[in-house]
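Summary of structural features
Below, each chain spelled out in residue letters.
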Amino acid sequence: MKIVLASGNRGKLAELGALLAGCGHDLVPQSELGVGDVPETGLTFVENALIKARHAAEATGLPALADDSGLIVDALDGAPGLYSARYAGSPTDDAANNAKLIAALQGVPAERRSARFHAVIVLLRHAADPQPLVAEGSWEGRILEAPRGSHGFGYNPVFLDPAHGLTAAEMEPALKNRISHRARALERLRTALAALR
């Protein structure tokens, strides 16, 4: 089955492609089908993922898979949250987002810098699917005072996984793709995808 990946984020597309390799479906980025991004006007990760998946499914007539994710920082009352990609403004700029986050946490001690990446992945079998498949995953960590590492994208350089003692940007992609928020959400979605064969 051909499924459109409803995202224009290159880093996210690469990560989703690696995580879904071998799932038995033909995954096509929406850009290859002439589909652009849609405004994310939802108030939750679930709503935004549904908006993106529905847009791609309507435009292509194909089943659509969409992810909405972000970084939730406890000391900032959940910010940047839904606005993670554009935390420092538009257009998106990873370095500016990380700099703003570090500045917002200035003076906050390490024990109060807890955070988590949260991902919601939605699969719509068609644009009017009344029962979308929804899977969620979280990855607990804390925010550092300075970036470390060069892998990945987004907040990876400032997000420390305490269990491994590495930032997400210091991890080899294979490790990150086993333990990340997206990996956990996709693991929950794999059974549902297998059932669609």
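About the criteria used
Residues numbered from 1 in each chain as written. Predicted model: local features only at pLDDT ≥ 70, side-chain atom pairs only at ≥ 80, totals over all residues. Heavy atoms only, no water. Helix = DSSP H or I, 4+ residues; strand = E, 2+ residues; numbered from the N terminus. Rg over C-alpha atoms; globule rule 2.2 N^0.38 Å. Buried < 20%, exposed > 50% of the residue type's maximum accessible area, 1.4 Å probe, protein only. Contact = heavy atoms within 4.5 Å. Areas by Shrake-Rupley, 256 points an atom, 1.4 Å probe, with all protein chains shown as cover. Lys, Arg positive; Asp, Glu negative; His and termini not counted. Charge placed at Lys NZ, Arg CZ, Asp CG, Glu CD. Phe/Tyr/Trp six-rings, centres within 6.5 Å; stacked < 30°, edge-to-face > 60°. UniProt positions renumbered as here; feature names shortened; annotations may be inferred. Polar contact = N/O pair within 3.5 Å; in protein donor to acceptor, adjacent residues only side chain to side chain.

With respect to the overall build of the protein
Within the protein one finds 5 helices and 7 strands. Taking 197 residues into account, the globule formula puts the C-alpha radius of gyration at 16 Å, and the protein, at 17 Å, falls close to it. Seen through its C-alpha atoms, the protein measures out along the principal axes to roughly 50 × 30 × 25 Å. Considering the protein as a whole, with its 197 residues, one finds that 47% of them fall into the buried category. Pairs at least 24 residues apart make up 60% of the contacts formed inside the protein by residues separated by at least 6 positions. Accessible surface, the protein: about 9300 Å² in total, of which carbon and sulfur atoms supply 53%. For the protein, the distance from the average site of its 20 positive side-chain charges to the average site of its 22 negative ones is 2 Å.

What about the packing of aromatic side chains?
According to the stated counting rule, one finds 3 aromatic pairs in the structure shown. Pairing Phe117 with Phe159 gives two aromatic rings, centres 4.4 Å apart and planes at 45°, and the pair type is tilted. Of this pair, Phe117 sits in strand 4 (residues 114–124) while Phe159 sits in strand 6 (residues 159–161), and the two are 42 residues apart along the sequence. By relative accessible area, which is 6% here, Phe117 ends up buried. Residue Phe159 is classed as buried on the basis of its relative accessible area of 0%. On the basis of an interplanar angle of 65° and a centroid distance of 5.1 Å, the ring pair of Trp139 and Phe159 is categorised as edge-to-face.

Details of the UniProt feature "active site" (unreviewed entry) in the protein
Within this numbering scheme, the UniProt entry marks Asp68 as carrying the feature "active site" (unreviewed entry). Relative to the assigned elements, Asp68 resides in strand 3 (residues 64–73). Once residues within four sequence positions are removed from consideration, Asp68 is found in contact with Glu40, Thr44, Phe45, Asn48, Ala49, Lys52, Leu82, His118, Ala119 and Val120. A polar atom in the side chain of Asp68 sits 3.4 Å from the side chain of Asn48.

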